[in-house]
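The primary structure of each chain is shown beneath.
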Amino acid sequence: MNYDFDLFVIGGGSGGISTARRAAEYGAKVGLAEMGRLGGTCVNVGCIPKKLMVYAASFPSIFKESEGYGWSPVNSSLNWSHLVTVVNQEVTRLNGIYLKMIDNSKVTLFREKARFLDEHTVEVGSSQIKAERILIAVGGHPVRPDIPGIEHTVVSDDLFTLPEQPKRIVILGGGYIGVEFACIFNGLGTEVTQIIRQEKILRGFDEDIRTEIQEGMGRSGIRMFTSTCPTLIEKTDDGLKLTMAKGETSEIIVADAIGLAATGRIPNIANLGLELAGVEIKNGAIAVNAESQTTQPHIYAVGDCTNRINLTPVAIGEGRALADTVFGGKPRLMSHQNVPSAVFTQPEAATVGLTEAQAREEYGDDVKIYRAKFRPLYHTVSGGEDKTMMKLVVQQSTTKVLGAHMVGEHAAEIIQGVAIAIKMGALKADFDATVGIHPSAAEEFVTMR
Ligand code: NDP
């Protein structure tokens, strides 16, 4: 059969673009369809604009802490529209860079919606394109829970273009997005209420991380309702009225401006024509094997639409492994083990490897925990109350380090380095034999006894 492309990619986010470029580098003829802004969730409504807002939100506490060092009080207020403008300018700049990269790599870009017509044919706008191999990299989108009145809430995508800073915000959900935006808005001066249905935020993280962040958020003034479920949301003249149930009791709160539903994300797989291509869906996501092949071996899927580990660098890693294997003659698998991640809360947290609970489940009593909690040097003078917590999860018999967890300033930067050691299979003795950098918080990872 004659094909228009060796590889056709549906979706111009992190996974799609990195695969397309790598395949084109190997000489493949590649087409890519993206009807929205290039860069996907991460660039447009995720990691990048979020992290810029995290930076913006960090200044008030720095101003306050500077007084401990002798600076006179800083009286500063936020120009919300300036913040939104510069954040979106940066996003637009990145969209342009992605466009240039696609252009330079000779990938043919289609700014239209694509859907399968059969297992080798994709309809893109009004054209029909035949490709030998097809990659689905369509990402995901936020999902709202089924609560009466939920349509009155916004989702994380909407937060980067709000015309005004909300005076108050109610956040539903205690995952990454819920806690990060709780801290962002709190730092920016919005009154934040968070409603979570568990006792603790960040289910799946190490218990110490969950506890430390939650306590830190409480100290910084975020009001949290735990083990609580919203049951009704109404729009009134006074603002958003929320009815919540906790066990037998119910409570009503009124938020001035907005409610944020941060209750998870689901793959963008509706109306893709997957059934026409024979691509199977499992648990709401595209089913793939370790090589990122779907149930049609020449159709692949990477990133959030496969719901493996929904992080930008994972999508990129999956895509590049696929391009190296299929087009580069360098077969390899993307490893989903020991993937580090960070939560950009205040205090920040980062993690790699097994949690204590996961290690105990796998290794029983053969687990030793090293844990340190201390006041960082900076706060001895700043007057800040946040403590730093570091934890190593070690297999006792082999002394292999199974996991590292941290809550505190620069946790993401520190854990990134620790992740290399863990990925290489470092033993506790390797950590002990490493000389610390003094004075730093990170040195605690090599001095724990
Ligand atoms: P998560 O799945 O992480 O969290 C969803 C939260 O909403 C949980 O607290 C969940 O509670 C709660 N929830 C779900 N349904 C309901 C309901 N019906 N009523 C009340 N509460 C509900 O999703 P997020 O939206 O926070 O994030 C999505 C993904 O985005 C993450 O998995 C992550 O991969 C990625 N991400 C990564 C970031 C980073 O790396 N820093 C930042 C932001 C996003 P329960 O725990 O009980 O299920």
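Residues numbered from 1 in each chain as written. Predicted model: local features only at pLDDT ≥ 70, side-chain atom pairs only at ≥ 80, totals over all residues. Heavy atoms only, no water.

Undergrad: What's the story with the sheet that holds strand E20 (residues 349-353) in this structure? I'm lost.
TA: Strand-to-strand pairing in sheets goes through backbone hydrogen bonds, with the strands running parallel or antiparallel. Taken in spatial order, the five strands make up an open sheet running E19-E20-E23-E22-E21, and their pairing is antiparallel. In this open sheet, the two strands that pair with only one neighbour each are strand E19 (341-343) and strand E21 (367-374). Strand-to-strand twist across the sheet, computed as the mean angle between neighbouring axes with direction ignored, equals 10 degrees. Bridge analysis of E19 against E20 gives three bridges, and the strand direction is antiparallel. Within the sheet, the bridge partner assigned to Ala342 lies in E20 and is Ala350. Across the sheet, helix H11 (residues 411-423) is in contact with E19, E20 and strand E23 (401-407); its angle to E23 comes to roughly 175 degrees. (Pairing = 2+ DSSP bridges. Helix = DSSP H or I, 4+ residues; strand = E, 2+ residues; numbered from the N terminus. Axes fitted to C-alpha atoms, helices over the stretch in contact; angles between N-to-C directions. Contact = heavy atoms within 4.5 Å.)

Undergrad: Is there a simple way to explain the pairing of strand E1 (residues 5-10) in this structure?
TA: Look at any regular strand and the pattern is simple: side chains alternate between the two faces of the sheet. With five of its six residues buried, E1 lies for the most part within the structure. As judged from the five bridges shared by E1 and strand E6 (residues 127-136), these two strands associate in the parallel manner. From the neighbouring strand, Leu7 faces E6, where its bridge partner is Arg133. In this structure, E1 lies alongside strand E2 (residues 30-33), joined through four bridges in parallel fashion. (Buried < 20%, exposed > 50% of the residue type's maximum accessible area, 1.4 Å probe, protein only.)

Undergrad: Can you help me understand helix H8 (residues 312-327) in this one?
TA: An α-helical turn contains 3.6 residues, so a residue and the one three or four places further along point in the same direction. Look at H8: 22 Å from first C-alpha to last across 16 residues, which is about the 22 Å you get at 1.5 Å a residue. Residues of H8 that are buried: Val314, Ala315, Gly317, Glu318, Gly319, Ala321, Leu322, Ala323, Asp324 and Phe327. Among the structural elements, E1, helix H1 (14-25), E6 and strand E18 (299-301) are those in contact with the buried residues of H8. Looking at the residues trailing H8, positive phi occurs at Gly329, about 65 degrees. (Expected span 1.5 Å × (residues − 1).)

Undergrad: What exactly am I supposed to notice about the pattern of salt bridges here?
TA: Opposite charge on two side chains lets them pair, provided their charged atoms get close. Considering all chains together, one arrives at 20 salt bridges under this definition. We note a salt bridge from Glu67 to Lys64, for which the minimum N-O separation is 3.8 Å. Residue Glu67 and its partner Lys64 are both found in helix H3 (residues 47-68); the two are separated by three residues, about one turn of the helix. Relative accessible area serves as the criterion here: at 31%, Glu67 is assigned to the partly exposed category. We note a salt bridge from Asp432 to Lys428, for which the minimum N-O separation is 2.6 Å. On the criterion of helical spacing, the pair formed by Asp432 and Lys428 is a turn pair, its members being four residues apart in helix H12 (residues 428-432). Look at the salt bridges and you will find they share partners, linking Asp206, Asp208, Glu212, Glu356, Arg360, Arg371, Lys373 and Lys391 into a network. (Salt bridge = Lys/Arg side-chain N within 4 Å of Asp/Glu carboxyl O.)

Undergrad: Explanation requested: the pairing of E2 in the structure shown.
TA: Where burial is concerned, the two faces of E2 agree: the one with Val30 and Leu32 and the one with Gly31 and Ala33 are both buried. For the crossover from E1 across H1 to E2, the handedness is right-handed. Bridge count between E2 and strand E3 (residues 108-110): three bridges; the pairing is parallel. Looking at the pairing, Leu32 lines up with Leu109 of E3. (Right-handed = clockwise from strand over helix to strand, strands pointing away.)

Undergrad: Would you take a moment to explain the site of the ligand for this structure?
TA: For the ligand, the set of nearby residues contains 18 residues, the closest of which are Arg197, Gln198, Arg203, Asn310 and Ala342. Gly175 places a polar main-chain atom, nitrogen or oxygen, 3.2 Å from an oxygen atom of the ligand. Between an oxygen atom of the ligand and a side-chain N or O atom of Arg197, the distance comes to 2.8 Å. Considered on its own, the ligand offers 920 Å² of accessible surface; in the complex 76% of this is hidden by protein. Residue composition of the shell around the ligand, grouped by class: six nonpolar, seven polar and five charged. (Near = heavy atom within 4 Å. Polar contact = N/O pair within 3.5 Å; in protein donor to acceptor, adjacent residues only side chain to side chain. Areas by Shrake-Rupley, 256 points an atom, 1.4 Å probe, with all protein chains shown as cover. Nonpolar A, V, L, I, M, F, W, Y, C, P; charged D, E, K, R; others polar.)

Undergrad: Which parts of the structure should I look at to understand the packing of H3 against helix H5 (residues 176-188)?
TA: Two measures define how a pair of helices packs: the angle their axes make with one another and the distance between the axes. At their nearest, the axes of H3 and H5 sit 7 Å apart, and the two run at 40 degrees to each other. In terms of axis orientation, H3 runs oblique to H5. Between H3 and H5 the crossing geometry is left-handed. On H5, the residues touching Lys50, Met53, Val54, Ala56, Ala57 and Pro60 of H3 are Glu180, Phe181, Cys183, Ile184, Gly187 and Leu188. Looking at the contact of H3 with H5 residue by residue, the classes come out as nine nonpolar, one polar and two charged. (Parallel < 35°, antiparallel > 145°, perpendicular 65-115°, else oblique. Left-handed = near helix turned anticlockwise from the far one by under 90°.)

Undergrad: Can you walk me through the environment of Leu260 in this structure?
TA: The topology assignment puts Leu260 in strand E14 (residues 258-261). Judged by its relative accessible area of 0%, Leu260 is buried. Residues Leu260 and Gly125, 135 residues apart in the sequence, show an inter-C-alpha distance of 34 Å.

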